[in-house]
Amino acid sequence: MANAKHLGLLKRGVKEWNQWREDSPEIKPDLSSASLNGADLNHINLSDADLSDTELFDVDLSGANLCGTLFYAADLRLANLSGANLSGAFLHDSDLSDADLSSCHLYRANLHWANLQGTNLNKADLTNADLSYSSALNTSFK
């Protein structure tokens, strides 16, 4: 369950959130099981956050810092993650169908059992990423 304080800070906007993250780098935000559908979170710093079971349908996370973020079983359908840094992120069992991951950094990301159907992975860095058992029907890789 999401930490109410963390969720409240997020609702104040990306600028305030990023300042809080800069001032409190030791805190690992807990936004698990939150509903953030359609949110504009571009260029947000959610590194090392817990977003397990979070609803992120059609969210804009373009250019976001998502290094080491836990997205276990998250709903990221139609999400815009273009240019985001997902290095070391844990996306196990997440739904990324029809999401835009173009130009993403997915170095050492865990996409085990992820749904990647229709996902745009053009120019994505998948170096050492774990894609085992993920479904990738109609996914574009260039």
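Residues numbered from 1 in each chain as written. Predicted model: local features only at pLDDT ≥ 70, side-chain atom pairs only at ≥ 80, totals over all residues. Heavy atoms only, no water.

A. Local environment of the overall build of the chain. Scanning the chain from terminus to terminus reveals two helices and zero strands. A principal-axis box enclosing the C-alpha atoms of the chain has dimensions of 40 × 25 × 20 Å. For the chain, with 142 residues in total, the buried portion stands at 44%. When contacts within the chain are restricted to residue pairs at least 6 apart in sequence, long-range pairs at least 24 apart make up 9% of them. By element, 47% of the accessible surface of the chain is carried by carbon and sulfur atoms, the whole surface being about 6900 Å². The positive charge centre, built from 10 side chains, and the negative charge centre, built from 19, are 5 Å apart in the chain. (Helix = DSSP H or I, 4+ residues; strand = E, 2+ residues; numbered from the N terminus. Buried < 20%, exposed > 50% of the residue type's maximum accessible area, 1.4 Å probe, protein only. Contact = heavy atoms within 4.5 Å. Areas by Shrake-Rupley, 256 points an atom, 1.4 Å probe, with all protein chains shown as cover. Lys, Arg positive; Asp, Glu negative; His and termini not counted. Charge placed at Lys NZ, Arg CZ, Asp CG, Glu CD.)

B. Structural view of the pattern of salt bridges. Applying the stated criterion across every chain yields a total of three salt bridges. Residue E16 pairs with R12 through a salt bridge whose shortest N-O separation is 3.3 Å. We classify E16 as partly exposed; its relative accessible area is 41%. In this structure, D95 and R77 form a salt bridge, with 3.9 Å as the shortest nitrogen-oxygen distance. Of the two residues, D95 is situated in the segment after helix 2 (14-23) and R77 in the segment after helix 2; the sequence distance between them amounts to 18 residues. Exposure remark for D95: the relative accessible area of 23% places this residue in the partly exposed category. If you follow the salt bridges from partner to partner, you end up with D75, R77 and D95 in one network. (Salt bridge = Lys/Arg side-chain N within 4 Å of Asp/Glu carboxyl O.)

C. Summary view of the packing of aromatic side chains. This structure, assessed with the given rule, holds three aromatic pairs. Look at W113 and Y133: their rings are 4.8 Å apart centre to centre, the planes differ by 10°, and that puts the pair in the stacked class. Within this pair, whereas W113 is found in the segment after helix 2, its partner Y133 is found in the segment after helix 2, the two being separated by 20 residues in sequence. (Phe/Tyr/Trp six-rings, centres within 6.5 Å; stacked < 30°, edge-to-face > 60°.)

D. Structural detail: the side chain of H112. With respect to the helices and strands, H112 occurs in the segment after helix 2. Assessed through its relative accessible area of 16%, H112 is described here as buried. Setting aside its immediate chain neighbours within four residues, H112 contacts L91, H92, D93, D130, S132 and Y133.

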